[in-house]
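Each chain, letter by letter, is given below.
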Amino acid sequence: RIVVESSARRATVYLLIYGSPGEISRVSVVLTDTVRLAAGLSAQLAARHNIEVAITVSPPSEVQDSTGSANDGGIWSEIDGQYMLRSCGMGFLLVNSSLNDQECVQCLQNSYTLSPFYGCEEDKCFPRDCRKCPKAADCSTLEFRSVAVGSVWEEEQASDLSGLQKRILSCPAGYKMMRDQEAPDQDNCLKCSKDYYRLSPVVWQGNSSLLPDCHPCPKGASCPGGNVVEAKANYWRLQTLISGDYDYLESASDVCQAINATNSTECLFPEGFYFAFSKAWSDAPMRCTRLPGISTGLVCARPSNTKKTGWTVRRSAIDDTNTTRDDDGTARVYQCMPGACDSNNTCAQNRTGSLCGFCSQGYVMTTTGCNVCPTEERLAPWRMVTIVFGAMIVLMLWFVMSWRPVVPEVDWLVANILSSISLIGSRCLCCDDTQGFTQDATKFIAPVFSGFKWIWSKLKACNSWWQNNNGRQLAKIYISFFQILGSFGMFGIVWPPLFSNAIDWIKGTFTFNILKLPSISCLWNGINFQTNLYAYTLAPVGLIAMLAMPILASRYRGLHLSATRRDRMTKDRFATNTFFIGFILYPALAMVTMSVLNCDSNVGRLRDDYRVVCPNIASSISLYSIVCMFVYPIGIPTAMHLALRGAGIVKVVKGKVEDAEFRALLALFMKLYVTIEMQRFARLVGNVDDDEQEFFTQTRKEFDKILALQVAYQDDGSDELDLELLRNVAKMVNAGARGMAGTSFQSIF
């Protein structure tokens, strides 16, 4: 329809004809004679409307999309001499409610359609709006595009049967899904906010109540949002990588680098029953596997579709190019040993591996962390010197602590050797020659002998103090407290550096874990866990055998018949030394024997040595450890208890209690019924342990002393004490302290 203003006499009408190249060619032939075509149209229009027509035809040209919008894709067909619009392209709705109202209407911004017939009646399509664009999509162009990269959409029939519509099917990792069946335009993938995360995609399960939320950030991790989870310092995140159809973990591949490793060697989450747990691991086992795309050697891996009881490892349903995987979308963050881990899964203290649990190549584990070691060429001579020097000390202590009652001749021999050396030195001091050699030797030997003499005197003084002050008991007390203090490092507390270093030193020294002392640990570098276990558990057996040898020698020499006192001393030393060694080694023996049973359930490795996969409870090393656990952690206190009961400790304690009660009763009696003079005189006599004869002897002795003092000043031939005379004497003399401190002759009179 053409509308012309009343004052206008001429109007120009443009008709654009679209078609395929073939159709345009046929139409061009018809429009060639424009004069004849215009005359025919004018004849038809002049009769009824008084209109004349002039026609101008432009040559055909290819349609260019200069505005950036796509062609409406309209499809026309001729019906009874009339052209009818039958369909439209993507992003357009068909409108053909009348002959004069036929067009393809483009969807407005934030709306879309999957079919040009959306909203049409049976045979007509009236003007209408497109569907609202979901929140998780971008409908600013003719194409339906997802906002969350990696999300998946599906087409489904609308509930009102109006046609197909887009619904969110899954959201990628780092997002949670929002979907309500009654509100398609609210479909959305919301990115997890700060302090929340999600590591696996969310897939629509048919019910909005089953849609999972984002997970709270785990303890020890930092979560900026989305699917990013980074372990903080002192924490480590377990996260496998993907290669083809396998999940693998390079930090756990140390087991696969061993000489005896094969394709069936378990490297993580071993399969089987373990002492510390009532069932197998919840994780599928990982084994040494050959993955050429990752390494030329074996790698700790498992098939991606491996299933375990109640748990399945799932590959991302959205993006098969994901390079990491976690269990069911949750991050597994575990606490490391104090100081072992830095942030974002980097290891400190020259550590490496799962939970940064062992040392890098060229370093050795000590109580203070991983220390660098010299080359084997430099360590070999020091190792030999240490072994020889240690053996000499052990043999010397063995003789001093065990053999002296059995072989007193050695004491005689040592005394004679020292005497001979002293004699030779004294002779040198008395001689001289023209060359001055003796004088020079004297200047050298005299200070040496003087120094040895001083050292020997101090050693004798220390030994005397040790014996008189119960040094062995004091040592037990201090060792016990230091061993308790050394255990403070097991708590997840960040101690000050100075205190932490002190704890590490105390832990290595007073638990007698000599293989982990920082100063000598490099000498034993390369010793594996099994060898260490056997060394610790068999060494005490050897020590006890060495301590028992003097008893056999005493029996062989017949000391049990000819020198019973020395034989009894030998047996007493054996018992004392055995229990003392058991006491000081108990913490180290208990920890070592039970370390096989102390599995880290997070990764399936031994906590004491993360290079070792937790052994099965039925394995030989586990059974050996269980036996040793009954021998040492349980056996040592049991043996001490039985020994004390055998020695009559119950009777001894009962006697001490009765003695204390009697003394308390006696003290009360003396306070109430005994004069001060008699109490002071009793102090002079002292304790005679209920021996009447000894009491009479000591009393008579003290009486004679006082009588002799009285006779010295006035001898009247009497054998009775004159108290008045003694008081006068006491003012002139001081008889000195007697009995208890502060009791003297003057204090009595």
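What counts, and where the lines are drawn
Residues numbered from 1 in each chain as written. Predicted model: local features only at pLDDT ≥ 70, side-chain atom pairs only at ≥ 80, totals over all residues. Heavy atoms only, no water. Helix = DSSP H or I, 4+ residues; strand = E, 2+ residues; numbered from the N terminus. Buried < 20%, exposed > 50% of the residue type's maximum accessible area, 1.4 Å probe, protein only. Contact = heavy atoms within 4.5 Å. Areas by Shrake-Rupley, 256 points an atom, 1.4 Å probe, with all protein chains shown as cover. Disulfide = S-S within 2.5 Å. Pairing = 2+ DSSP bridges. Expected span 1.5 Å × (residues − 1). Bend = angle between axes of the 7 residues up to and from the residue.

With that out of the way, let us pick up the overall build of the protein. A tally of regular secondary structure across the protein gives 17 helices and 33 strands. With 749 residues in all, the protein has 32% of them scored as buried. Across the protein, contacts joining residues at least 24 apart in sequence account for 50% of those joining residues at least 6 apart. Surface exposure of the protein reaches about 47800 Å², of which carbon and sulfur atoms provide 58%.

Here we take up the state of the cysteines. Evaluation of the coordinates by the stated rule reveals 13 disulfides. Paired through a disulfide, cysteine 256 and cysteine 288 show a sulfur-sulfur distance of 2.1 Å. Measuring handedness by torsion sign, the sulfur bridge of cysteine 256 and cysteine 288 sits at about -95 degrees and is left-handed. Taken together, the positions of cysteine 256 in the loop between β20 (246-248) and β21 (266-268) and cysteine 288 in strand β22 (residues 286-290) put the pair 32 residues apart, joining distant regions of the chain.

For a regular strand, side-chain orientation follows a simple rule: the groups alternate between the two sheet faces. Of the pairings in the sheet, the one linking strand β3 (residues 92-98) to strand β4 (residues 101-106) comprises six bridges and is antiparallel in character. Bridged to leucine 94 within β4 is cysteine 104. Counting the residues that bridge the hairpin from β3 to β4 gives two residues.

Quick look at the sheet that holds strand β14 (residues 202-203) now. Through backbone hydrogen bonds, the strands of a sheet pair up, either in parallel or in antiparallel fashion. Ordered in space as β9-β10-β14, the three strands form an open sheet in which the pairing is antiparallel. The open sheet has two edge strands with one neighbour each: β9 (152-157) and β14. Here β9 pairs with strand β10 (residues 164-171) via six bridges, running antiparallel. Following the sheet pairing, valine 152 is matched in β10 by serine 170.

What follows deals with helix α8 (residues 529-556). Relative to the 40 Å expected for 28 residues at 1.5 Å per residue, α8 spans 41 Å between its end C-alpha atoms, a close match to the ideal helical length. At leucine 538, α8 shows its largest bend, some 25 degrees, and a proline, proline 540, comes one to four positions later. Buried within α8 are the following residues: Phe529, Asn532, Leu533, Tyr536, Thr537, Pro540, Leu547, Pro550, Ala553 and Ser554. Backbone geometry just after α8 places glycine 558 at a positive phi near 75 degrees.

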